[in-house]
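Working through the structure, step by step
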Amino acid sequence: MKKRVYADNAATTRLSRPALDAMMPYLTSEYGNPSALHTMGREAKLALERARNQTASVLGAVPEEIYFTSGGTEADNWAVKAAAELGKNKGRHIISTQIEHHAILNPLLCLEAQGFEVTYLGVDAQGRISLKALRDAIRKDTILISVMAANNEIGTIQPIAKIGKLAKEHKILFHVDAVQAIGHIPLDIQSAGIDMLSLAAHKFGGPKGAGALYVRKGISLPSQIQGGGQERNLRSGTENVAGIVGMAAALEYRNARMGSHMEKVLLLRNRLIEGLLRIPNARLTGDLLNRLPGIASFLFEGVEGESMVMMLDLHGICASSGSACASNGHESSHVLKAIGIPRQLSHSSLRLSLNEDNTDEDVDHILEVLPSVVARLRAMSPVWNGSRENY
C-alpha cells in the first residue's frame, strides 16, 4: 500500500477527535434550532453559548466579543467593510500590506472603488513589514490598520504587538487576520491591542464552514447579514451549531497542547528544511526563524510548482504550490512578488506545511522522494537545460 503523507496543513487540517466527538450529538439527535423555544431549541442554544464561552476563554476575550461566522473569509470581509463604515465620517484612509490574503485584499479593492484610499505596505525579503514605514503611513484620516498575524504562503510572523501599540497611540482600529496563527502560535489579544481578529476552524482541527470574528467590547459594528436577528442582530441566519461546537472543542484542545505541539512540529520542520536545502538551487522563502512552526516554503529553480505537486501526489505526498485559495489561478503569487522573487522563479514555489499529526517517517518520505522529483522535472525542463539568464 502506498504511503500517504499529508503536508498541506496550511490549506486545511484533519478534523480532530475532540471536535468530532463534540459535534456528533448536534449532527444526529440534538438537531434543534437555537432560536426555537422548545427543549431541543434551548439545548442547542446552550451548546452555542458554551462554545462562545470556550472560544472567548482561549482568546482571552469575553463571550460578548465573539461573533460566529462561516469561516475566515467572512470574518475578514466583515471586519474590513464594517470598520470602513464605522470610520467613514472620520476619514477614508486604510493601511494594510501587500501580502495579505485575498479575503482582505479583495474587500479593500471594493472599498477603493467606493472612494476609500488604501496604503499597501511593502515587506522585506523575509516578508516582514517595517514599523517605520507603518508609522510614516499613518495619517489623521487613517481609520483602520489590517495586518495578518502570519502569512499563509511563506509563514512569516508579523510584529503584531508593536503594530497594535502604534494603532492604539493613534486611536486607529486594528484588525488581525489570524487564520493561520490561531492554534499554532501564542497570540495575546489584550497585550497586542487587537480590536478585531478573524479565525477559521478548519485551520486548527475544527470543521470547515465555521469561523469567528472577535470584536473588542465598545466597538459597534454594522450588521453583516440582515434577517432573523441571530448573533445579537449582527449576523443573521440559523447557526451552524455542530460546526461551532466542533470549532470551540478543537480550539480548546489545540490551545491546551500548543507548547508540546510546537516543539514537535518545529523539530520536524527544521529537519525537513535542512534536508531540502541540500537540493541544488533550492531556496527557502520567508523568515528562517520568525515563521509559523509548520510551514516550509521553497523555490526550486527550473521546476514548475504545479508539476512538483502532481508528481509528489503520485508518491502519496500532499503539498501545494502557493496558497490553496489561489491554487486554481495562473497568476504569480502576490506574496512572492512582494518579497522580490522574479515572476518566472515564483512559478517554482512549493509549500510543505506540517502539524502535530505528522511523523519522522513522513519527513523521511518527503526527503527521499522530493529530490528525485526535482531532478526528474529539471531533466525535462527546457528552461533548466537551456538558458538560465532569467534566474
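For the structure given in this document, a descriptive report is provided here.

Rules of the game
Residues numbered from 1 in each chain as written. Predicted model: local features only at pLDDT ≥ 70, side-chain atom pairs only at ≥ 80, totals over all residues. Heavy atoms only, no water. Helix = DSSP H or I, 4+ residues; strand = E, 2+ residues; numbered from the N terminus. Contact = heavy atoms within 4.5 Å. Areas by Shrake-Rupley, 256 points an atom, 1.4 Å probe, with all protein chains shown as cover. Lys, Arg positive; Asp, Glu negative; His and termini not counted. Charge placed at Lys NZ, Arg CZ, Asp CG, Glu CD. Buried < 20%, exposed > 50% of the residue type's maximum accessible area, 1.4 Å probe, protein only. Pairing = 2+ DSSP bridges. Right-handed = clockwise from strand over helix to strand, strands pointing away. Core = buried A, V, L, I, M, F, W, Y, C linked by side-chain atoms within 4.5 Å. Axes fitted to C-alpha atoms, helices over the stretch in contact; angles between N-to-C directions. Parallel < 35°, antiparallel > 145°, perpendicular 65-115°, else oblique. Left-handed = near helix turned anticlockwise from the far one by under 90°. Nonpolar A, V, L, I, M, F, W, Y, C, P; charged D, E, K, R; others polar. Salt bridge = Lys/Arg side-chain N within 4 Å of Asp/Glu carboxyl O. Expected span 1.5 Å × (residues − 1). 1 Å grid on protein atoms, 1.4 Å probe; cavity = no way out; pocket = protein on both sides within 12 Å on 5 of 7 lines; lining within 4 Å. Points joined across faces, edges and corners; volume = space filled by probe spheres on them. Phe/Tyr/Trp six-rings, centres within 6.5 Å; stacked < 30°, edge-to-face > 60°. Lys NZ or Arg CZ within 6 Å of the ring centre and 35° of its normal.

Each helix and strand in the chain was counted, giving 13 helices and 12 strands. For the chain, the C-alpha atoms occupy an extent of roughly 70 × 55 × 35 Å along the three principal directions. At a minimum sequence separation of 6, the contacts of the chain that also span at least 24 residues come to 72%. In the structure as shown, the chain presents an accessible area of about 17100 Å², 53% of it carried by carbon and sulfur atoms. Across the chain, the 42 positively charged side chains and the 40 negatively charged ones have centroids separated by 3 Å.

Generally, phi is negative for residues other than glycine and the peptide bonds are trans, each holding for most cases. In this structure, Asn233 takes a positive phi of about 70° despite not being glycine. With a relative accessible area of 55%, Asn233 lands in the exposed category. One non-glycine residue, Asn281, lies in positive phi territory at about 55°. Tracing the backbone shows Asn281 in the loop between helix H8 (258-276) and strand S9 (282-285). Relative accessible area serves as the criterion here: at 36%, Asn281 is assigned to the partly exposed category.

Sheet analysis places strand S3 (residues 93-97) next to strand S4 (residues 117-121), joined by five bridges and oriented parallel. Bridging across to S4, Ser96 finds its partner in Tyr120. In this view, the connection linking S3 to its parallel neighbour S4 by way of helix H4 (residues 102-113) has right-handed handedness.

Among the nonpolar cores identified, the biggest contains 66 residues, and Ile145, Ile160, Phe174 and Leu197 are the most heavily contacted of them. Once you skip the residues sitting within four places of it in the chain, Leu197 turns out to touch His175, Val176, Ala178, Ile182, Leu187, Ile189, Ala212, Leu213 and Tyr214.

Before going further, it helps to spend a moment on the packing of helix H9 (residues 305-314) against helix H12 (residues 360-380). Orientation of H9 relative to H12, taken along the N-to-C sense of each, is 130°, at an axis distance of 10 Å. By the angle between their axes, H9 is oblique relative to H12. The two elements H9 and H12 meet at a crossing, and its hand is right-handed. Counting all contacts with H9, which are made through Ser307, Met308, Met311 and Leu312, the residues of H12 involved are Val369, Leu370, Val373, Val374, Arg376 and Leu377. Across the contact of H9 with H12, the residue classes tally to eight nonpolar, one polar and one charged.

What follows concerns the pattern of salt bridges. It is possible for side chains of opposite charge to pair when their charged atoms get near one another. If you walk through the whole model with that rule in mind, you get 17 salt bridges. Each of Lys45, Glu49, Arg52 and Glu231 takes part in salt bridges that share partners, so that together they form one network.

An order of S2-S8-S7-S6-S5-S3-S4 is seen for the seven strands of this open sheet, with the pairing classed as mixed. Among the strands making up the open sheet, the edge pair consists of strand S2 (66-69) and S4. Within the sheet, the average angular offset between the axes of one strand and its neighbour, ignoring direction, is 20°. Across four bridges, the pairing between S2 and strand S8 (residues 211-215) is antiparallel. Residue pairing across strands places Phe68 opposite Ala212, the latter belonging to S8. Helix-sheet contacts for helix H2 (residues 39-59) involve S2, strand S7 (196-200) and S8, and the interaxial angle to S2 is about 115°.

Spanning 12 residues, H4 covers 16 Å between terminal C-alpha atoms, matching the ideal 16 Å at 1.5 Å per step. When H4 is considered as a whole, its buried residues turn out to be Ala103, Ile104, Leu105, Pro107, Leu108 and Leu111. Contact partners of the buried residues in H4: helix H3 (72-87), S3, S4, strand S5 (142-146), strand S6 (173-177) and helix H10 (334-338). Immediately beyond the C-terminal end of H4, within one or two residues, lies Gly115, with a positive phi of roughly 105°.

To continue, consider empty space enclosed by the protein. A complete count under the given rule lists two cavities of 30 Å³ or more for this structure. Taken as a whole, the largest cavity spans an internal volume of roughly 180 Å³. Ranked by residues supplied to the lining of the largest cavity, first place goes to H8 with four residues. Along the lines of polarity and charge, the residues of the lining of the largest cavity split into eight nonpolar, eight polar and two charged.

Pairing is antiparallel across the open sheet formed by three strands, whose spatial order is S9-S10-S12. For this open sheet the edge positions go to S9 and strand S12 (349-353), each flanked by a neighbour on one side alone. The average angle at which neighbouring strand axes cross in this sheet is 30°, direction not considered. As paired strands, S9 and strand S10 (residues 295-300) are joined by four bridges and run antiparallel to one another.

In terms of burial, S3 is largely enclosed, as five of its five residues are buried. Burial along S3 is two-sided: His93, Ile95 and Thr97 facing one way and Ile94 and Ser96 facing the other are all buried. When S3 meets S5, the two strands line up parallel, connected through three bridges. In the sheet register, Ile95 faces S5, and the bridge partner there is Ile145.

Attention shifts here to the packing of aromatic side chains. The relation between two aromatic rings is expressed through the spacing of the ring centres and the mutual angle of the planes. The final tally for this structure, using the stated rule, is two aromatic pairs. For the pair Tyr67 and Trp78, a centre-to-centre distance of 5.7 Å together with 70° between the ring planes defines the contact as edge-to-face. Residue Tyr67 is found in strand S2, and its partner Trp78 is found in helix H3; the two are separated by 11 residues along the sequence. In this pair, the class of Tyr67 matches that of Trp78, namely buried. Measuring from ring centre to ring centre gives 5.5 Å for Phe298 and Phe300, while their planes differ by 20°; the resulting arrangement is stacked. Geometry around Phe116 places Arg92 over its ring, the cationic atom sitting 4.5 Å from the centre. Seen from the ring of Tyr67, Arg232 lies directly overhead, with NZ or CZ sitting 4.1 Å from the centre.

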